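# Fold and contact review
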Amino acid sequence: MTLHEDAVLVLKGYEGQPELRDVYLEHLAAHPDGVYKPCGAGHITGSALVIDPERERVLLTLHKKLGMWLQMGGHCEPGDATLAGAAMREAREESGITAGLTLLPGGPVLLDRHPIPAPCNWHLDVQYAALAPAGALEAISDESLDLRWFPYARVAEVADASVVRLLEATLARL
């Protein structure tokens, strides 16, 4: 199975946000390369909110290019077999937590479509949540200006509405 085929199956099985889910599926139907960055019409990305439910906190990265506190995530790569795998790879790379991260069961938590600068127009982000193991030690990556744990109650103070929505949806699933 290709990453494109996996993305279609994941999205067909996603029961939330039906209108946005259909936009993603239409994009994939029209663009065989729609899971990769070179697709000029936009592309699927995978992200994961790294969460520590025991300590009621989330790990956010201060994105180097955007200067915003965000969940871990980014572009799918040719070696990614699944969307979930792409999100986990990004979570590990950007958090520095190399062992013990697990995806919250139930598939994607949310979808978030947002504009990006030309030559591409859109990121069609498939958002997961990753549970951090007890005692997880984070390490900043080259893609980040900073990396910090924030209590749930402080996320709205530092991050934009998309991250707040992702946290709320994740907490509802917990």
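Preceding this paragraph is the structure being described.
Residues numbered from 1 in each chain as written. Predicted model: local features only at pLDDT ≥ 70, side-chain atom pairs only at ≥ 80, totals over all residues. Heavy atoms only, no water.

## Thoughts on the overall build of the protein
Rules: Note on conventions: DSSP H or I runs of at least 4 residues are helices, E runs of at least 2 residues are strands, and numbering of each starts at the N terminus. For the radius of gyration, the atom set is restricted to C-alpha positions; the globular benchmark scales as 2.2 Å times the number of residues to the power 0.38. Exposed residues in this analysis have more than 50% of their type's maximum accessible area, buried residues have under 20%, and partly exposed residues fall in between, with area computed by a 1.4 Å probe over protein chains only. Here, two residues are considered to be in contact whenever any of their heavy atoms come within 4.5 Å of each other.
Within the protein one finds five helices and eight strands. Starting at the N terminus and walking to the C terminus, you meet the elements of the protein as α-α-β-β-β-β-α-β-β-β-β-α-α. Rg of the C-alpha trace for the protein: 15 Å, near the compact-globule value of 16 Å for 174 residues, within the 12% margin. For the protein, the spread of C-alpha atoms along the three principal axes comes to 45 × 30 × 30 Å. For the protein, the proportion of its 174 residues judged to be buried stands at 47%. Nonlocal contacts in the protein, meaning residues at least 24 apart in sequence, comprise 66% of its contacts between residues at least 6 apart.

## Examining helix α1 (residues 3-13)
Taken as a whole, α1 has its buried residues at L3, H4, D6, A7, V8, V10 and L11. Among the structural elements, α2 (18-30), α3 (83-95), β6 (110-115) and β7 (122-131) are those in contact with the buried residues of α1.

## Comments concerning the nonpolar core
Defined as follows: Here, nonpolar core means buried Ala, Val, Leu, Ile, Met, Phe, Trp, Tyr and Cys residues that are tied together by side-chain atoms lying within 4.5 Å of each other.
By size, the foremost hydrophobic cluster in this structure holds 51 residues, and its most contacted members are I44, V50 and V58. In this view, V58 contacts L49, V50, I51, R148, W149, F150, Y152, V155 and L167; residues no more than four positions away in its chain are not counted.

## Let's talk about the pattern of salt bridges
Put simply, the rule reads: Here, a salt bridge means any Lys or Arg side-chain nitrogen found within 4 Å of an Asp or Glu carboxyl oxygen.
By the definition in use, this model includes nine salt bridges. The shortest N-O distance in the salt bridge between D52 and R57 comes to 3.0 Å. In this structure D52 comes out as buried when scored by relative accessible area, which is 7%. Its relative accessible area of 14% is what places R57 among the buried residues. The closest approach of N and O atoms between R148 and D146, which form a salt bridge, is 2.8 Å.

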